[in-house]
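Survey of secondary and tertiary structure
As a plain string of letters, each chain reads:
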Amino acid sequence: MVFKLNIPKHVAIIMDGNGRWAEKRGLARSEGHLEGSKTLEKIALHAMDMGVEVLSVYAFSTDNFKRDKKEVDYLMNLIVKYFNTKFEKLNKKGIKVLVSGRTTNLRDDVIEAIKNVQEKTKDNKEGILNICFNYGGQEEIIDASIKLAQDINKGLDITNFTREDFYKYLYHDLPPIDLLIRTGGEQRVSNFMLYELSYSEFYFTNTYFPDFDKSEFNKALFMYENRDRRFGGLNK
Ligand code: IPE
Ligand code: IPE
Ligand code: MG
């Protein structure tokens, strides 16, 4: 008998615990971020191999600007390096890279790297890696509402506007999230994809993100398999 897993179409990960991973080893927090970036590449490739269509990850929140300049600078440099080099492997695998977040207050080289990676991978069809960078869930809803208001001013008829229609105003028109994973032990959403998380299943693990490997990812998939999703209805 062959068992076929019910694979979630859209998985999201709050990649937390990089700093504590490094501190536990007597290393600088930046070492944890570097290690986390390597983990992200492995997990993205694995998720697509497992049949996940969209993987969204929280890489830098709008509130992470509250951290020391040194750490913020390191993370900005890391994303530029990541998009200019690491994405080649993802590109070869046919993965389309999207970036979600505000760009207004980012450095020019960061904005350039974000533009390049999206442009170079835009025709890829094997899966989507959506990197949430300088991202806030409340900010995304505000930005979407502003775009919608502009369309209403231009004459859009909203008489039958649905919650599905609102997705078109978000940073990217992606499917709702089926499974949310948060590493690092905290059991909160912080400011991540608040609109898209409606009805998603949550999986929390104490594992710090740099240690989150394929088998840890598979554990979350097995858990998902046994969840009873009702979407407000009744499964009989
Ligand atoms: C997540 O790891 C990555 C970012 C927020 C950029 P943290 O840096 O939050 O790591 P901890 O939570 O301090 O261990
Ligand atoms: C959430 O982690 C943001 C990212 C993983 C990028 P934080 O470490 O910033 O969240 P809080 O402060 O613990 O809620
Ligand atoms: Mg954290």
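Note: the structure precedes this text.
Because the structure is a prediction, the values reported are computed rather than measured. (Residues numbered from 1 in each chain as written. Chains lettered and ligands numbered in written order. Predicted model: local features only at pLDDT ≥ 70, side-chain atom pairs only at ≥ 80, totals over all residues. Heavy atoms only, no water.)

1. Overview of the site of ligand 1
Near ligand 1 you find 13 residues, and of these Met15, Asp16, Arg20, Arg29 and Arg67 are the closest. Gly17 has a polar backbone atom sitting 3.5 Å from an oxygen atom of ligand 1. At a separation of 3.0 Å, an oxygen atom of ligand 1 approaches a polar backbone atom of Gly19. Notes on ligand 1: free accessible area 380 Å², of which the protein chains cover 87%. Broken down by secondary-structure element, the contributors of at least two residues to the shell around ligand 1 are helix H1 (18–24), helix H2 (29–49) and helix H3 (69–92). Broken down by element, the shell around ligand 1 gets its largest block of residues, three residues, from H1. (Near = heavy atom within 4 Å. Polar contact = N/O pair within 3.5 Å; in protein donor to acceptor, adjacent residues only side chain to side chain. Areas by Shrake-Rupley, 256 points an atom, 1.4 Å probe, with all protein chains shown as cover. Helix = DSSP H or I, 4+ residues; strand = E, 2+ residues; numbered from the N terminus.)

2. Focus on helix H4 (residues 108–121)
When the terminal C-alpha atoms of H4 are compared, their 20 Å separation across 14 residues agrees well with the 20 Å that a helix rising 1.5 Å per residue should span. Burial in H4 covers these residues: Val110, Ala113, Ile114, Val117 and Thr121. One side of H4 carries all its buried residues, which in axial view fall inside an arc of 100 degrees. Away from its buried face, by an angle of more than 90 degrees, H4 presents the exposed residues Asp108 and Lys115. On its buried face, H4 is in contact with H3, strand E3 (95–100) and strand E4 (127–135). (Expected span 1.5 Å × (residues − 1). Buried < 20%, exposed > 50% of the residue type's maximum accessible area, 1.4 Å probe, protein only. Arc of directions from axis to C-beta. Contact = heavy atoms within 4.5 Å.)

3. Observations regarding the layout of surface pockets
Computed from the structure, the largest pocket encloses a volume of approximately 670 Å³. Lining the largest pocket are 31 residues; nearest its centre among them are Met15, Asp16, Tyr58, Ala59 and Asn64. Listing elements by their share of the lining of the largest pocket, those giving two or more residues are H1, H2, strand E2 (54–61), H3 and E4. With five residues, H2 is the single largest residue contributor to the lining of the largest pocket. Grouping the amino acids of the lining of the largest pocket by side-chain chemistry returns 13 nonpolar, 10 polar and eight charged. By volume, the second largest pocket amounts to about 280 Å³. (1 Å grid on protein atoms, 1.4 Å probe; cavity = no way out; pocket = protein on both sides within 12 Å on 5 of 7 lines; lining within 4 Å. Points joined across faces, edges and corners; volume = space filled by probe spheres on them. Nonpolar A, V, L, I, M, F, W, Y, C, P; charged D, E, K, R; others polar.)

4. Considerations on empty space enclosed by the protein
Enumeration according to the criterion identifies one cavity of 30 Å³ or more in this entry. Every residue lining the largest cavity is listed: Ser100, Asn130, Glu140, Tyr167, Leu170, His172, Leu174, Met193 and Glu196. Here the lining of the largest cavity is built from residues that sort into four nonpolar, three polar and two charged.

5. Observations concerning the packing of H2 against H3
What describes two packed helices is the angle between their axes and the distance between those same axes. At their nearest, the axes of H2 and H3 sit 11 Å apart, and the two run at 25 degrees to each other. The angle between H2 and H3 falls in the class roughly parallel. Between H2 and H3 lies a crossing of right-handed hand. Contact residues: H2 offers Arg29, Ser30, His33, Leu34, Ser37, Leu40, Glu41, Ala44 and Leu45, while H3 offers Glu71, Tyr74, Leu75, Leu78, Tyr82, Lys86, Lys89 and Leu90. (Axes fitted to C-alpha atoms, helices over the stretch in contact; angles between N-to-C directions. Parallel < 35°, antiparallel > 145°, perpendicular 65-115°, else oblique. Left-handed = near helix turned anticlockwise from the far one by under 90°.)

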